[in-house]
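Tertiary structure, described
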Amino acid sequence: MLLLIRTVSDAVFVLDVISGIDYNDPATTTWSKYIPQGGFKQFLNQNGLKGKRLGIARNPFFGLLASNVAPQFEKHFQTSRHQGAVVVDNLQITNINDILNVTKSGEAVALASEFKLSFNSYLKNLVVSPVRSLADVIAFNQKNAALINEFGQDIFLLAPNNKWNWRNREGSTGQSSKTIKRRL
């Protein structure tokens, strides 16, 4: 699904439509208490940017932009200033390389854990499927390696060794960070 959102108002109206409870996803039940009665559109404010501080962290993100995209950002920054925002440009985040590093930031562990749990839940609920778990998928892929040659199954192989307990926030991936880095 492709959504074309050109304004904050558009984004809020879409958010009002897509937020809510999905009974196939228990996380939405837990988090639904944070959806305001009456939706988000009640918070739209024509003068909402006045006095707000917006930080622009250009490094390393703007170096990745196509040459025709950067001017569009500049236009939006200028609009924010005209609307009364205080734009703090070239904000430096000293540990940005650690944050963007999937191993140092913990993103690799989170990805593997969440993937394993969600994928197993998804497969378990399929009505007709020869595979019912991540272990089944890995076994199938190993038997049919030629079929998946282009894609591999690095994430699949990383996930089963992950013994992280999200409730207690303890455990391990079962692999060293060097192994995780090599695989990712």
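Before reading further, recall that the structure is shown in the block above.
Described in the following lines is the structure provided in the data block. (Residues numbered from 1 in each chain as written. Predicted model: local features only at pLDDT ≥ 70, side-chain atom pairs only at ≥ 80, totals over all residues. Heavy atoms only, no water.)

All right, on to the overall build of the chain then. Within the chain, the secondary structure is distributed over nine helices and two strands. Counted from the first residue to the last, the chain has its helices and strands arranged as α-α-β-α-β-α-α-α-α-α-α. Classification of the 184 residues of the chain by burial places 20% in the buried group. Partitioning the contacts of the chain with sequence separation of at least 6, the portion at a separation of at least 24 is 51%. When the accessible area of the chain is evaluated, it comes to approximately 14,000 Å², of which 56% is carbon and sulfur surface. (Helix = DSSP H or I, 4+ residues; strand = E, 2+ residues; numbered from the N terminus. Buried < 20%, exposed > 50% of the residue type's maximum accessible area, 1.4 Å probe, protein only. Contact = heavy atoms within 4.5 Å. Areas by Shrake-Rupley, 256 points an atom, 1.4 Å probe, with all protein chains shown as cover.)

For the rest of this paragraph, the subject is the pattern of salt bridges. Tallied over the full model, the rule gives five salt bridges. Measuring nitrogen to oxygen at the nearest pair gives 3.6 Å for the salt bridge that ties Asp16 to Lys41. Here Asp16, found in helix 1 (residues 8-18), pairs with Lys41, found in the loop between helix 2 (26-31) and strand 1 (53-55); they are 25 residues apart in sequence, far enough to count as distant. Arg58 serves as the salt-bridge partner of Glu74, at 2.6 Å between the closest nitrogen and oxygen. Of the two residues, Glu74 sits in helix 3 (residues 70-82) while Arg58 sits in the loop between strand 1 and helix 3, which places them 16 residues apart along the sequence. One salt-bridge network, in which partners are shared between bridges, spans Arg58, Glu74, Arg81 and Asp89. (Salt bridge = Lys/Arg side-chain N within 4 Å of Asp/Glu carboxyl O.)

The subject of this paragraph is the packing of aromatic side chains. For the structure on display, the rule yields seven aromatic pairs. Measuring from centroid to centroid gives 6.1 Å for Phe73 and Phe77, while their planes differ by 40 degrees, and the two rings are tilted. Of this pair, Phe73 and Phe77 both sit in helix 3, four residues apart, roughly one helical turn. Owing to a relative accessible area of 10%, Phe77 belongs among the buried residues under this scheme. (Phe/Tyr/Trp six-rings, centres within 6.5 Å; stacked < 30°, edge-to-face > 60°.)

This next bit is on the nonpolar core. If you look at soluble globular proteins, the nonpolar side chains tend to sit buried side by side. Residues Ala112, Leu123, Val131, Leu134, Val137, Ile138, Phe156, Leu158 and Ala159 constitute the largest nonpolar core, which totals nine residues. Looking at which element gives the most residues to this core, the answer is helix 6 (residues 134-143), with three residues. If we skip the residues at most four places from it in the chain, Leu123 touches Val131, Arg132, Ser133, Leu134 and Val137. (Core = buried A, V, L, I, M, F, W, Y, C linked by side-chain atoms within 4.5 Å.)

The next thing to look at is the environment of Leu134. Tracing the backbone shows Leu134 in helix 6. Its relative accessible area of 2% is what places Leu134 among the buried residues. C-alpha of Leu134 to C-alpha of Ser118: the two residues are 16 residues apart in sequence and 9.8 Å apart in space.

You can read the cap of helix 1 off the contacts: a side-chain oxygen lies 3.4 Å from the backbone nitrogen of Ser9, and it is on Thr7. Gly20 sits one or two residues past helix 1 and shows a positive phi near 140 degrees. (Polar contact = N/O pair within 3.5 Å; in protein donor to acceptor, adjacent residues only side chain to side chain.)

A contiguous nonpolar surface patch, about 380 Å² in accessible area, is contributed by Phe61, Leu91, Ile93, Ile99 and Leu100. Within the fold, Leu91 resides in the loop between strand 2 (86-88) and helix 4 (96-100). (Patch = residues over 30% accessible without salt bridge, like charges linked within 9 Å, V, L, I, M, F, W, Y side chains within 5 Å.)

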